[in-house]
Amino acid sequence: MKRRYRVRITLAGYLLVALTLALALAAVNTGNNLLYLVTATFLALMTVSGLFSWFNLRGVRVQLEPPKEIFAATPTPFRVDLKGPLWPCLFLTLKTPYGKTALPFLKRRKTTELWLTFPSRGSYRLESLELSSGYPLGFFRRARFIPFNLEVLVYPCPLSGPIKEEGVETEEGRAREAFRRGEPEDWAGLEPYREGAPLSRLAWKSLARWGKPQLKTFEAPSYGELWLDLRGLRSEREISFATQRILEALQAGQKVGLRLPKKTIPPGSGPSHRKILLEALARA
Amino acid sequence: MPEVRPLSWAWALALGGVLLPALYLFKDLPLWSEVFFVGGLSYLLLKEGRGDFKPLALKAQLLILAPFLGLTFYTFTPETLVPDLLGFLLVLATLKLLGERAPRDILQLFLLGGLFLVGAAVWRLDLVYGLVFVLEVALTVTGLFFLYAGKEVPVLPQRTAFLLLALGGLATLGVLLLTVFYFLFLPRPQYTFWASSWGASRTGLSEKVAPGEVSALKEDPTVAFRVRWISGPRPKKPYFRVFVYQDYRRGVWQARSYKRPPSHTKGPWAWLEVLPQIEAVGLPVPGYALKVKTLKGPRAFLAPEGTVRLSSPGPGLWRIKVFLGPLPPETPPSQFLEVPVTLKEDLLPLAKRLEGGGPWETVARVLAYLRENYTYSLKPGAPRGEPVRWFLFESHRGHCEYFASAAVFLLRTLGLPARVVGGYAGGEWNPLGGYYLLREKDAHTWIEVFFPFQGWVPFDPTPLGGATLKRSAWWRSLWDYLQFKWSYWVITYDLGKQLRLVRGLSQKMRSFSYSKLALKGSLRIWLGLVLVLVLGAGAWRAWRWRKEPPWEKFLRYMARRGHPKSSSQTFKEYVEELACSFPEARSLFEELLSLYYREAYGGEDTRKDQKKWWSKFKAFARQRKF
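Given the structure is predicted, the values throughout are model-derived calculations rather than measurements.

Basis of the calculations
Residues numbered from 1 in each chain as written. Chains lettered and ligands numbered in written order. Predicted model: local features only at pLDDT ≥ 70, side-chain atom pairs only at ≥ 80, totals over all residues. Domains from an automatic or database assignment. pLDDT = per-residue confidence, 0-100. Contact = placed C-beta atoms within 7 Å. Buried ≥ 20, exposed ≤ 12 C-beta atoms within 10 Å, placed from the backbone. Helix = DSSP H or I, 4+ residues; strand = E, 2+ residues; numbered from the N terminus. Pairing = 2+ DSSP bridges. Core = buried A, V, L, I, M, F, W, Y, C linked by C-beta atoms within 7 Å. Axes fitted to C-alpha atoms, helices over the stretch in contact; angles between N-to-C directions.

Caption draft 1: Just the domain arrangement of chain B, in detail. Segmenting chain B into domains produces domain 1 (3-185), domain 2 (208-333 + 417-487) and domain 3 (546-624). Centre-to-centre, using C-alpha coordinates, domain 1 of chain B lies 59 Å away from domain 3 of chain B.

Spelled out as structure tokens, the structure:
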């Protein structure tokens, strides 16, 4: 595994470098040894700063675990497992092109969340993760790039809007709907938290227990089928409307089928069918 | 857990960083800046105490600063440039202390502290600067740790704050060690455009001695020279000769100055190094100088009668080979018999009265007469007429120059060649540094008398004025030793010393031989312990590696190469994912999965097979370079 480092000088660092050069010039031209001493101290300060920052980033291991569903333009928490060296690591920042998180103190192990926002749907490859810090003095900012071949599929951003749909109402569905009217929805399980979801759906007990936000999902018995025809659609906005419609329909217990230009997905329901539909939309 | 605000700590440390050099330079700074500083600090403390401190706005700071800037320019002179600028910086620092406490402002305070240190480097050269420097480095480095922490988080748990404090201390130690390294090895030019000020006082000892003039040297504790003994026997009561006075005209002794060639004399000799702390034209020599080497500074040359002179006064370092026996005659001794005619007539009756059976007895009687009948005084008053005559027949009081002059003329009147010698008597021996410390108050005048077949022999006619080696308290010796080292290794460090250091190191490295490495008992034990610890750690690591199941090694190996197994994945899911990424290794991954399942769920021991598989996998990974 190749480890690559990068060092950037901050504004204060440029000031230190300029002051060191000026002092060195003065010392050389006057032969004043106390000026040499101060110059030597500034050089030593730079060296020690470099060594401390190197040790700070050196032994840190990072594991990144993506959530089950990632929607475009929606901040999504990635689970980050950090394992530090024997000594404590201070003021770390984990950064990817899609978001960053700060970690003031790491000793041995820590789990945190990295909130990433992907701009659009599709497949993304996180080739490396930037672990950086300006510790200890803030004159230089050292970054370590941790190779990370993680591929994630980002689903389209769900948006409410008009969409061409074909609803098929069955006899069985009508009967069930009549029976269910006025009754509460059935508990179906938990799903990963999405930014913008209503607070009423947040699983507070689960959050208190696990410290991880999740959404309660309810399932109504299927009482109909919904066909979405996206063969003629091309704009991102319309795909987003379709995504929202699919999520709502599945939530309502409907079976959803999808017609895409090169693919047709027969109606179905349940988490695995939801995954198939969203993946198809992400790649459409 | 209690919490602390790192920015507050950083500000407090920055305040210390300004206060420390300001106190150090307090007597050198302009009064107006000190008054403003003390006033500003009092105001700050008062307001902080009441809890109603409001930071001064930037505009107000600039308005207050403007008149001080004008004052600095108005009072500007080249001689007071540094203290005036430092005074202005002190005002600026006071305003910064009264202003906002944002990270930028605190960084500026640290910068001002650093500039004070630079200013002090130009102005003061003493050892206290070294102590201030070390403390300033500690305050600044630790303060910068907190400043950075304050930029990242508003509050810190107390435990983390203490950790930062400890890390700041560790970093300070590192900075100081590296400072020594950089200081010693930063390239030094042979010549500089502007030489820095020597900053030393001029010695009162000179080529001329006028017994009639009152000298304040005897009360001045300023260090004049340090004479480091390198080799050879060391005199118990040393007289450091600087000038030999030959001519006496109108109450003033004058030393001659010309170059003489190096000489060789059989007898005891020593090598020593002379490091002046004052501007001098002659170097102290505890005997007869045979050779002199200029290591640094103005060129030194062998001067008349075994003395050493400098081509010009200035800082430097000289190595001298000194003959420690009776001083050989250089100028014909008959030239040291001259007595002013007017004085000779008056001295003759007294001299005749003191004449003994032989030269030794005569000298003893003259010295005894002077010691018994005359009083030593640093303030004998202004002489009326010829100083020696006035001392011998009127005042009967005088200092060493009167005693030496009177003894010389009495002996010359009786036909014995004698001369007055000026230099330093006694001094303090510092066992830590192996050198004599000569202060201005050790300056002395004594005589030398010539004895045929023996040479010049020193005598001290002054009562209680013999060379006595003083003993200092250990802490004074230590302080002076540190000052000496500071002066030798820091203030006067130059290209020559740097080259000698590098040469010395390279010679030591070349001559280093393991067979010669004789380790002391305790060192052996410590080295042994370290070796055992290192070997133990290595063995433990190897044992852990061997004990670790191959499938775990495989997981770690893949994680290092950017394919970690997420905690939510089963081993099977993970292997399937890897097989998609590396289809050519699918069969290998499936084999491992099968071995893992057999062991984990079938209760079968597949460790041997796993090891074989691991070897196979490593070979595959090497071949495919993944």
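Caption draft 2: Highlighting the confidence of the model for chain B. Residues and elements named next belong to chain B. On average, chain B scores 86 in pLDDT, and the residues at 70 or more come to 94%. A low-confidence stretch, residues 196-203 (pLDDT under 50), is modelled with 19 contacts involving residues beyond four sequence positions or located in other chains. Scored by ipTM, the complex comes to 0.79, with pTM at 0.70.

Caption draft 3: Representation of the pairing of strand S5 (residues 239-249) of chain B in the model. Residues and elements named next belong to chain B. Counting buried positions along S5 gives eight out of eleven residues, so the element sits mostly inside the fold. Judged from the six bridges that link them, S5 and strand S15 (residues 418-425) form a sheet pairing that is antiparallel. Directly across from Tyr-245, in S15, lies its bridge partner Val-420. In the sheet, S5 pairs with strand S6 (residues 252-255) via four bridges, with the strands oriented antiparallel. Looking at S6, one finds that Arg-249 is bridged to Val-252. Where S5 hands over to S6, the hairpin turn is made up of two residues, of which Arg-250 adopts a positive phi near 50°.

Caption draft 4: Representation of the nonpolar core in the model. Of all hydrophobic cores here, the largest spans 117 residues; its most connected members are Val38(A), Ala10(B), Ala14(B), Ile106(B) and Ala121(B). Here the element with the most residues in this core is helix H2 (residues 33-58) of chain A; it accounts for 14 residues. Not counting residues within four places of it along the chain, the set of residues in contact with Ala10(B) comprises Ile106(B), Gly143(B), Phe146(B), Leu147(B) and Gly150(B). With 78 residues, the next largest nonpolar core counts Phe225(B), Phe403(B), Leu414(B) and Phe450(B) among its residues.

Caption draft 5: Spotlight on the sheet that holds strand S4 (residues 89-96) of chain A. Residues and elements named next belong to chain A. A sheet is described by the order of its strands in space; here five strands give the open sequence S1-S8-S7-S4-S5, paired in antiparallel fashion. The sheet is open, and its two borders are formed by strand S1 (4-9) and strand S5 (99-106), each paired with just one other strand. The mean angle between the axes of side-by-side strands here comes to 25°, regardless of whether they run parallel or antiparallel. By the bridge criterion, seven bridges tie S4 to S5 in an arrangement that is antiparallel.

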